[in-house]
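The residues making up each chain are set out below.
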Amino acid sequence: MKNNIWLLSVCLIMLLPSCVSKTKPTALDMEYDDVQYDDVVAVPYKEDISGVKTVDVKINDCLSCPMIFDTGCSGLSISALELAILYKNGCVSDNEYIGKTYCTIADGSIVEVSLYRIEFLQIGELLCQNVMVSVDENLEAPLLLGQGVLGQVQKYTVDNENKYILFHLK
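On a predicted model such as this, the values are computed, not experimentally measured, just so you know.

Undergrad: What should I look at first to understand the pattern of salt bridges in this one?
TA: Oppositely charged side chains can form a pair if their charged atoms are brought close together. Applying the stated criterion across every chain yields a total of 3 salt bridges. Ionic pairing is found between Glu-47 and Lys-53, a salt bridge with its closest N-O pair at 3.4 Å. Accessibility expressed as a relative area gives 15% for Lys-53, which makes it buried. Connected through shared salt-bridge partners, Glu-47, Lys-53 and Lys-163 make up one network.

Undergrad: How do you make sense of a nonpolar patch on the surface when you look at a structure like this?
TA: A cluster of nonpolar side chains, Leu-81, Ile-85 and Leu-139, forms an exposed patch at the surface whose accessible area comes to about 250 Å². Relative to the helices and strands, Leu-139 resides in the loop between strand 11 (126-136) and strand 12 (144-145).

Undergrad: Honestly, the state of the cysteines in this entry has me stumped. Any pointers?
TA: Simply put, the disulfide is a covalent bond whose two ends are the sulfur atoms of two cysteines. Using the criterion set out here, one finds 1 disulfide in the structure. In this model Cys-62 forms its disulfide with Cys-91; the gap between the sulfur atoms is 2.1 Å. Disulfide Cys-62-Cys-91: torsion about the S-S bond near 85°, hence right-handed. Taken together, the positions of Cys-62 in the loop between strand 6 (53-59) and strand 7 (63-69) and Cys-91 in the loop between helix 2 (80-88) and strand 9 (97-104) put the pair 29 residues apart, joining distant regions of the chain. Its relative accessible area of 25% is what places Cys-62 among the partly exposed residues. On the basis of relative accessibility, which here comes to 19%, the residue Cys-91 falls in the buried class. Cys-73 takes part in no disulfide bond, and the closest cysteine sulfur to it belongs to Cys-103, at a distance of 8.1 Å. The class for Cys-73 is buried, based on a relative accessible area of 11%. According to the relative accessible area criterion, Cys-103 is partly exposed, its value standing at 25%.

What counts as what
- Every chain is numbered independently, its residues counted from 1 as its sequence is written.
- Predicted model: local features are reported for residues with pLDDT of at least 70 only, side-chain atom pairs are reported and counted for 80 or more only, and whole-chain, interface and lining totals are derived from all residues.
- Water and hydrogen atoms were dropped before computing side-chain values, which therefore reflect all heavy atoms in the structure.
- Only one rule defines a salt bridge in this text: a Lys or Arg side-chain nitrogen within 4 Å of an Asp or Glu carboxyl oxygen.
- The classification of residues rests on relative accessible area computed with a 1.4 Å probe and restricted to protein chains. Under 20% of the type maximum is buried, over 50% is exposed, and intermediate values are partly exposed.
- Patch membership is restricted to residues that have no salt bridge and whose relative accessible area is over 30%. Joining uses 9 Å for like charges and 5 Å for the nonpolar side chains Val, Leu, Ile, Met, Phe, Trp and Tyr.
- The accessible surface values rely on the Shrake-Rupley method and a 1.4 Å probe; as for residues, cover is taken only from the protein chains in view.
- Secondary structure is summarised from DSSP: a helix means a run of H or I of at least four residues, a strand means a run of E of at least two, and numbering begins at the N terminus for each.
- Criterion for a disulfide: a pair of cysteine sulfur atoms at a distance within 2.5 Å.

Quick look at the structure:
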């Protein structure tokens, strides 16, 4: 069991995602906290009545779906339904399967999930490569955009007035 955990940890470290702008972003000359940021990718979000923010994400240039912007999520999470669509369209194969692991979900329960490597995903003009995704067997599980992507940018801020999430590139 310790060998499996060690091996999985090594794989996760090796497959840490990297995020870059698909095209060099234009300077938005936005100032926050008296700091000027030139490399900012602004992505519009939608917000439901309870305040949950979603952004459109494209996975492997194959599947577009709204994902919940969840800063409390440790990774990136999709359901088995999205994985099935990716398989059906030839956008993911058994070669991207990493293994099984356990995750603690928001209600505190522990669930077993499958781990896959996604070649790239796109959020607006932000392109993230070699992203680890956990796949929940629950077909109705929410799609979560968390720290697996958010941790790869220098900083992110939310512009609630204009309804944008600003990804400040490293």
